[in-house]
Each structure stands twice: as C-alpha cells, then as structure tokens.
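# Inside the fold
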Amino acid sequence: MEKRVRHYEFEGAVFDIPLHYDERADMYIEEYRNFYENPVWTKDGYPIMGSVEEACAFGEWNEPERCNTCGECLFFRQISPHALIGVCRQEKRLWVGKNSSEEIIYHA
C-alpha cells in the first residue's frame, strides 16, 4: 500500500505529514511528529509546532494559570482551522543557527 502524506507549504516552510487510515473513524488522519525532536522553521526562522506539544517557558496566555500546550499560547498561530500544527511567533524562539555541537541556537 502506498504511504500517504499531506503536503504543507506555509510561510516558506515545506514539509509532509504522514497519514494513516483509522478504521474506527473511517478516514485518513495525520500522524504528527515531535517538532522539538525534528524541527521545521518558516523562512523567517519561526518554529512550526504541534498544538498539543508541551508549552515552553516563554509562553503567554489569557488565563491566570500557566498554559500547558503550544495551542493554548497567545504566540501560536494555526496553519489552517483544522490542523493541529501552527507557527510559534514568540521572538525568543526564533532560529539563529547551530553551534559547533549541532545544538540549535535561538534568538533569546
């Protein structure tokens, strides 16, 4: 059987999300990867994140308690209304490059 993917092109970022068929739902569903372990950035250096990933220390929210996921954060912008991925617009999360140890360096 052919592996299905959903292709995204968003703010200069190009990537595929694998799909799997869910018999109970009788439809193909996106298999989101961990964007912390396999990062993707927009052309401007903002990270693409899953809405259900754990919120970072730079998150801000309207509620008095700390937000738990990226999707609850005021900096998170969904790619489309039904997608569980979006762009983190927190300036402190901007990608600058990698150091000699291949660790990701952020703007912060």
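These numbers were taken from a predicted model, which means no experiment stands behind them.

### Overview of the pairing of strand S3 (residues 27-30)
Sheet analysis places strand S2 (residues 13-22) next to S3, joined by four bridges and oriented antiparallel. Each residue of the ladder has a partner; that of His20, found in S3, is Ile29. Turn length for the S2-S3 hairpin, with the two strands adjacent in sequence and antiparallel, is four residues, and the turn residue Asp26 shows positive phi of about 60°.

### Description of the packing of aromatic side chains
The tally for this structure, following the rule as stated, stands at two aromatic pairs. Considering the side-chain rings of Tyr8 and Phe15, the 5.5 Å spacing of their centres and the 20° angle between planes classify their relative orientation as stacked. For the pair Tyr21 and Tyr28, a centre-to-centre distance of 5.2 Å together with 65° between the ring planes defines the contact as edge-to-face. For Tyr21, a relative accessible area of 37% translates into the label partly exposed.

### Overview of the pattern of salt bridges
Under the criterion given, the structure shown has four salt bridges. The residue Glu31 makes a salt bridge to Lys3 at a minimum N-O spacing of 3.9 Å. Taken together, the residues Glu31 in the loop between S3 and strand S4 (48-50) and Lys3 in the segment before strand S1 (4-10) connect sequence positions 28 residues apart. Two residues, Arg6 and Glu30, come together in a salt bridge whose shortest N-O distance is 3.0 Å. Of the two residues, Arg6 is situated in strand S1 and Glu30 in strand S3; the sequence distance between them amounts to 24 residues. Since its relative accessible area comes to 37%, Arg6 is described here as partly exposed.

### Looking at the nonpolar core
The nonpolar side chains of soluble globular proteins are, as a tendency, buried together. Within the largest apolar cluster, 14 residues are counted, with the highest numbers of intra-cluster contacts made by Tyr8, Phe15, Ile48, Ile79 and Ile85. When residues in this core are grouped by element, the largest group, three residues, is from S2. With near-sequence residues (within four places) excluded, Ile48 lies in contact with Phe10, Ala13, Phe15, Phe35, Val40, Thr42, Ile79, Gly86 and Val87. Listed in part, the eight residues of the second largest apolar core include Ala55, Cys70, Cys73 and Cys88.

### Comments concerning the sheet that holds strand S5 (residues 76-78)
Here three strands make up an open sheet; going across it, the order is S4-S6-S5 and the pairing antiparallel. With one partner strand each, in any of the chains shown, S4 and S5 form the two edges of the open sheet. Within the sheet, the average angular offset between the axes of one strand and its neighbour, ignoring direction, is 45°. Pairing of S4 with strand S6 (residues 85-88), which is carried by three bridges, proceeds in the antiparallel orientation. Opposite Met49, over in S6, you have Gly86 as the bridge partner.

### Here's the deal with the environment of Pro39
Within the element layout of this structure, Pro39 appears in the loop between S3 and S4. Residue Pro39 is classed as partly exposed on the basis of its relative accessible area of 29%. Put simply, Pro39 and Met49 are 10 residues apart on the chain and 8.0 Å apart in space, counted from C-alpha to C-alpha.

Parameters at a glance
- Residues numbered from 1 in each chain as written.
- Predicted model: local features only at pLDDT ≥ 70, side-chain atom pairs only at ≥ 80, totals over all residues.
- Heavy atoms only, no water.
- Pairing = 2+ DSSP bridges.
- Helix = DSSP H or I, 4+ residues; strand = E, 2+ residues; numbered from the N terminus.
- Phe/Tyr/Trp six-rings, centres within 6.5 Å; stacked < 30°, edge-to-face > 60°.
- Buried < 20%, exposed > 50% of the residue type's maximum accessible area, 1.4 Å probe, protein only.
- Salt bridge = Lys/Arg side-chain N within 4 Å of Asp/Glu carboxyl O.
- Core = buried A, V, L, I, M, F, W, Y, C linked by side-chain atoms within 4.5 Å.
- Contact = heavy atoms within 4.5 Å.
- Axes fitted to C-alpha atoms, helices over the stretch in contact; angles between N-to-C directions.

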